[in-house]
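What follows is the residue order along each chain.
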Amino acid sequence: MAKHFTSIISSGFGKFASIEFHSGVQKFINSGYVKLMGIDMSEFKETIAYPTLNKLFTRAFEPPRAWPEDKDALISGVDALITDAGMIKEGKAYQIKGMSYSIEELFGEYHKEAVAKVEGGEFINFYLSPKDYHRYHM
């Protein structure tokens, strides 16, 4: 399957984001990224505290968030936009970064027996934009 252009862009950005530049350059990159993306840094360290853009991109909450008091609240493992949700029917194809996938493709060849087990179950697609918090909590 051919890569979608967004996957190619993500790969290139990932390589750039992993480079640790001189502190003055890194400060410029980090603060520029925060400003460009409109990132609210109120729950995080200062932008200069991150030695690479990737470290900023995968920053941790400072301090960690508290659990919600509502015992019936649905807690997501990520801060993201829900782009699709519903019931899995006939191996429904899902849209991820502009590409369609069937449940069988998503699970891969080593988990084919699990495809039938999720039929009739529910799914949620989460989209993490470049400005979203990119850590997963479980």
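Residues numbered from 1 in each chain as written. Predicted model: local features only at pLDDT ≥ 70, side-chain atom pairs only at ≥ 80, totals over all residues. Heavy atoms only, no water.

Undergrad: In this structure, what is going on with the overall build of the chain? I would like to understand it.
TA: If you tally the helices and strands in the chain, you get 5 helices and 4 strands. Taking 2.2 N^0.38 as the reference for a compact globule, 138 residues should give roughly 14 Å; the C-alpha atoms of the chain span a radius of gyration of 18 Å, well beyond that estimate. Once the C-alpha set of the chain is aligned to its principal axes, its extents read approximately 55 × 45 × 25 Å. By the burial criterion, 23% of the 138 residues in the chain qualify as buried. Surface summary for the chain: the accessible area is close to 10,200 Å², and the carbon and sulfur share equals 59%. When the 16 basic and 18 acidic side-chain charges of the chain are each reduced to a single mean position, those positions are 8 Å apart. (Helix = DSSP H or I, 4+ residues; strand = E, 2+ residues; numbered from the N terminus. Rg over C-alpha atoms; globule rule 2.2 N^0.38 Å. Buried < 20%, exposed > 50% of the residue type's maximum accessible area, 1.4 Å probe, protein only. Areas by Shrake-Rupley, 256 points an atom, 1.4 Å probe, with all protein chains shown as cover. Lys, Arg positive; Asp, Glu negative; His and termini not counted. Charge placed at Lys NZ, Arg CZ, Asp CG, Glu CD.)

Undergrad: Looking at this structure, how should I read the packing of aromatic side chains?
TA: Within this structure, the stated rule accounts for 5 aromatic pairs. Pairing Phe13 with Phe57 gives two aromatic rings, centres 6.0 Å apart and planes at 65 degrees, and the pair type is edge-to-face. Residue Phe13 is located in helix H1 (residues 5-17), and its partner Phe57 is located in helix H3 (residues 53-57); the two are separated by 44 residues in the primary sequence. Ring centres 6.3 Å apart and planes at 70 degrees place the aromatic pair Tyr33 and Phe57 in the edge-to-face group. Here Tyr33 is found in helix H2 (residues 23-37), whereas its partner Phe57 is found in helix H3, with 24 residues between them in sequence. (Phe/Tyr/Trp six-rings, centres within 6.5 Å; stacked < 30°, edge-to-face > 60°.)

Undergrad: Help me understand the nonpolar core, please; the structure alone is not making it clear to me.
TA: A general trend in soluble globular proteins is that nonpolar side chains are found buried together. Within the largest apolar cluster, 13 residues are counted, with the highest numbers of intra-cluster contacts made by Tyr33, Met41, Phe44, Leu53 and Leu56. Listing elements by their share of this core, those giving two or more residues are H2 and H3. Setting aside anything within four residues of it in sequence, one finds Tyr33 in contact with Phe13, Ile39, Leu53, Leu56, Phe57, Pro130 and Lys131. One finds Ile88, Tyr94, Val115 and Phe123 within the second-largest nonpolar core, a separate group that totals 5 residues. (Core = buried A, V, L, I, M, F, W, Y, C linked by side-chain atoms within 4.5 Å. Contact = heavy atoms within 4.5 Å.)

Undergrad: Can you walk me through the side chain of Asn30 in this structure?
TA: Within the secondary structure layout, Asn30 lies in helix H2. Within the local environment of Asn30, its side chain forms a polar contact with the backbone oxygen of Tyr50, the two atoms lying 2.9 Å apart. Every residue in contact with Asn30, bar those within four places of it in the chain, is listed here: Thr47, Tyr50, Thr52, Leu53 and Leu56. (Polar contact = N/O pair within 3.5 Å; in protein donor to acceptor, adjacent residues only side chain to side chain.)

Undergrad: Please explain the pattern of salt bridges as it appears in this structure.
TA: Between side chains of opposite charge, a pair can form as their charged atoms come close. For the structure shown, the criterion picks out 2 salt bridges. For Asp79, the salt bridge identified is with Arg65, shortest N-O distance 3.4 Å. Highlighted residues: Asp79 in the loop between H3 and strand S1 (81-87) and Arg65 in the loop between H3 and S1, separated in sequence by 14 residues. Residue class for Asp79 comes out partly exposed when judged on its relative accessible area of 27%. In this structure, a network of salt bridges that share partners links the residues Glu43, Arg65 and Asp79. (Salt bridge = Lys/Arg side-chain N within 4 Å of Asp/Glu carboxyl O.)

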